[in-house]
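# Remarks on the overall topology
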2 protein chains.
Amino acid sequence: MAEEELAKRFGELVRRLRREKGYSQEDFSFRVGLHQTYVSSVERGERNVTIGTADRIARALDTTLASLFGELERRTDEGER
Amino acid sequence: MAEEELAKRFGELVRRLRREKGYSQEDFSFRVGLHQTYVSSVERGERNVTIGTADRIARALDTTLASLFGELERRTDEGER
């Protein structure tokens, strides 16, 4: 998967999980300790975040990196079928 | 997990898996398309790599991000027990 595609899918997944948790982008940004403009650009797939930031995001969504990327990579497989 | 700790564990895991595959650091760097000095610093836990780079590393090790972080987070749990 190209880096741009990974960033796009990561962002889409974060947005979906955040909404499922019922957090506004503002609440979530505060929770994860990142600026809302940054979180917004992550969700739009414009950031190739570091694993440290991805881990903070995963924990703020009460999940793990393994689970997050598991879901992301499953969706990728489905998309490529 | 602090970002420094995550980078350290990620680097240790990459080094171990690379050696299990029988790749020298030079071979592996070529395979993943990164400079050897960069790969060396990743393995020493000095880099908080982006998810795009982590994905390239995972694929060069014939694995996935989900599997890599699954192993990393299992080890973390064990360490914290």
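Further up the page is the structure itself.
Residues numbered from 1 in each chain as written. Chains lettered and ligands numbered in written order. Predicted model: local features only at pLDDT ≥ 70, side-chain atom pairs only at ≥ 80, totals over all residues. Heavy atoms only, no water.

### Some details on the relation of the copies chain B and chain A
- Once chain B has been moved 0.0 Å along the axis and rotated by 180°, it coincides with chain A to within an RMSD of 0.0 Å. The superposition of one copy onto the other is thereby described by a two-fold rotation axis. Every residue of chain B has its C-alpha some distance from the rotation axis, and the shortest such distance is that of Thr50 of chain B, at 1.9 Å. (Least-squares fit on C-alpha atoms with pLDDT ≥ 70 in both.)

### Focus on helix α4 (residues 51-60) of chain B
- Of all the ten residues making up α4 of chain B, eight are buried; the element is thus mostly covered by neighbouring parts of the structure.
- Those residues of α4 of chain B not exposed but buried are Ile51, Gly52, Thr53, Ala54, Asp55, Ile57, Ala58 and Ala60 of chain B. (Buried < 20%, exposed > 50% of the residue type's maximum accessible area, 1.4 Å probe, protein only. Helix = DSSP H or I, 4+ residues; strand = E, 2+ residues; numbered from the N terminus.)

### Quick word on the packing of helix α2 (residues 25-32) of chain A against helix α3 (residues 36-43) of chain A
All names here are of chain A.
- With their axes 9 Å apart at the nearest point, α2 and α3 run at an angle of 105° to one another. Here α2 lies roughly perpendicular to α3, going by the angle between them. Along the contact surface, α2 presents Gln25, Glu26, Phe28, Ser29 and Val32, while α3 presents Gln36, Val39, Ser40 and Glu43.
- Each residue belonging to the contact of α2 with α3 can be placed in one class, and the counts come to three nonpolar, four polar and two charged. (Axes fitted to C-alpha atoms, helices over the stretch in contact; angles between N-to-C directions. Parallel < 35°, antiparallel > 145°, perpendicular 65-115°, else oblique. Contact = heavy atoms within 4.5 Å. Nonpolar A, V, L, I, M, F, W, Y, C, P; charged D, E, K, R; others polar.)

### With respect to the side chain of Gln25 of chain B
Residues and elements named next belong to chain B.
- One can find Gln25 in helix α2 (residues 25-32).
- On the basis of relative accessible area, Gln25 is assigned to the buried category, the value being 16%.
- When residues no more than four places from it in sequence are discounted, the contact partners of Gln25 are Arg15, Arg18, Gln36, Val39, Ser40 and Glu43.

### Looking at the packing of aromatic side chains
- Throughout the structure, instances matching the rule amount to five aromatic pairs over all chains.
- Geometrically, the ring pair formed by Phe10 of chain A and Phe69 of chain A is stacked, given 6.0 Å between the ring centres and 25° between the ring planes. Of this pair, Phe10 of chain A sits in helix α1 (residues 3-21) while Phe69 of chain A sits in helix α5 (residues 65-80), placing them 59 residues apart in sequence. Across this residue pair, the class does not change: Phe10 of chain A and Phe69 of chain A are buried.
- Joined through ring pairs, the aromatic side chains of Phe10 and Phe69 of chain A together with Phe10 and Phe69 of chain B make up one cluster. (Phe/Tyr/Trp six-rings, centres within 6.5 Å; stacked < 30°, edge-to-face > 60°.)

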